[in-house]
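Below are the chains, spelled out letter by letter.
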Amino acid sequence: MTTTLAVRRIGASEGGERIDSLTDLLLDCVGGGASISFMFPLERDKARGFWQNVIDGVRRGERTLVVAEDDEGRIVGTVQMITSMPDNQPHRADIAKLLVHRHARRGGVGQQLMLAIEDEARKQQRTVLVLDTASPEAERLYERMGWQRVGVIPNYALMPDGVLCATTYYYKQL
């Protein structure tokens, strides 16, 4: 269990330096059955490529990356905000890939990450946030934090083991 948690935004340079830790986190989440766009088994090179794309997006100013680190400096969670939007939606952003390492779950890491990314959204003058999830645990978190459920799309995606799953969409006005 994490005793001390540091939650902060990181830039592309630090993201590049921490890409192995980010990759480890993604592998853990997919290995634990999280429906986050990847199938099991997830190859390390593919996970690393995902993070390289995220870091490139941070460098271009299209994404914001927030990490949670435990008291030993290990990355135990992340969340992203996608800010690359059409011209008629400069006030909106998508929240993506809330990831918490299995050993750090149920300790408030997800909530702290969401509070931090909402704060980043305010700093960037984003007033409408949207996200989707296939996780009942995440649904409870989002609803506790004031996110509004829009609806459920059945058979939307596959779980890492290949089973179809629904996704639930949420929004929040800041």
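Attention in this report is confined to the structure presented alongside it. (Residues numbered from 1 in each chain as written. Predicted model: local features only at pLDDT ≥ 70, side-chain atom pairs only at ≥ 80, totals over all residues. Heavy atoms only, no water.)

Moving on to the overall build of the chain. Scanning the chain for helices and strands turns up 5 helices and 7 strands. Helices (α) and strands (β) of the chain occur, in sequence order from the N terminus, as β-α-α-α-β-β-β-α-β-α-β-β. Scaling as 2.2 N^0.38, a compact globule of 174 residues should have a C-alpha radius of gyration of about 16 Å, and the chain matches this with 15 Å. Along the longest, intermediate and shortest principal axes, the C-alpha atoms of the chain span 35 × 35 × 30 Å. Burial statistics for the chain: of 174 residues in total, 42% are counted as buried. Taking all contacts inside the chain whose residues are at least 6 apart in sequence as the whole, residues at least 24 apart take part in 61%. Counting only carbon and sulfur atoms, one obtains 48% of the accessible surface of the chain, whose full area is about 9,000 Å². One finds the centroid of the 22 positive side-chain charges in the chain at a distance of 3 Å from the centroid of its 23 negative side-chain charges. (Helix = DSSP H or I, 4+ residues; strand = E, 2+ residues; numbered from the N terminus. Rg over C-alpha atoms; globule rule 2.2 N^0.38 Å. Buried < 20%, exposed > 50% of the residue type's maximum accessible area, 1.4 Å probe, protein only. Contact = heavy atoms within 4.5 Å. Areas by Shrake-Rupley, 256 points an atom, 1.4 Å probe, with all protein chains shown as cover. Lys, Arg positive; Asp, Glu negative; His and termini not counted. Charge placed at Lys NZ, Arg CZ, Asp CG, Glu CD.)

Buried within helix 5 (residues 136–144) are the following residues: Ala-138, Glu-139, Leu-141 and Tyr-142. Projected down its long axis, helix 5 shows its buried positions confined to an angular sector of 165°, all on one face. Packing partners of the buried residues in helix 5 comprise strand 4 (92–100), helix 4 (109–123), strand 5 (128–133), strand 6 (148–158) and strand 7 (164–173). (Arc of directions from axis to C-beta.)

Moving on, we get to the nonpolar core. Core analysis: the biggest nonpolar cluster contains 23 residues, and Ile-95, Met-114, Tyr-142 and Trp-147 have the highest contact counts within it. When contributions to this core are tallied by element, the ones reaching two or more residues are strand 2 (63–69), strand 3 (75–82), strand 4, helix 4, strand 5 and helix 5. For this core, the element with the most residues is helix 4, which contributes 6 residues. Not counting residues within four places of it along the chain, the set of residues in contact with Ile-95 comprises Val-79, Gln-80, Met-81, Met-114, Ile-117, Leu-129, Val-130, Leu-131 and Trp-147. Grouped together as the second largest cluster of nonpolar side chains are 21 residues, Ile-10, Val-30, Phe-38 and Ala-47 included. (Core = buried A, V, L, I, M, F, W, Y, C linked by side-chain atoms within 4.5 Å.)

What follows is about the sheet that holds strand 5. Spatial strand order, 1-2-3-4-5-7-6: 7 strands in an open sheet with mixed pairing. Here the strands that pair on one side only, and so sit at the sheet edges, are strand 1 (6–10) and strand 6. In this sheet, neighbouring strand axes are inclined to one another by 25° on average, regardless of whether the strands run parallel or antiparallel. Here 3 bridges tie strand 4 to strand 5, and the two strands are oriented parallel to one another. Bridge pairing in strand 5 places Arg-92 opposite Val-128. (Pairing = 2+ DSSP bridges. Axes fitted to C-alpha atoms, helices over the stretch in contact; angles between N-to-C directions.)

Relative to the helices and strands, Thr-167 resides in strand 7. In this structure the side chain of Thr-167 is engaged in a polar contact, spanning 3.0 Å, whose partner is the side chain of Asp-132. Engagement of the side chain of Thr-167 in a polar contact is seen with the backbone oxygen of Thr-133, the distance being 3.1 Å. Setting aside residues up to four positions removed in sequence, Thr-167 forms contacts with Asp-132, Thr-133, Ala-134, Gly-151, Val-152, Ile-153 and Tyr-156. (Polar contact = N/O pair within 3.5 Å; in protein donor to acceptor, adjacent residues only side chain to side chain.)

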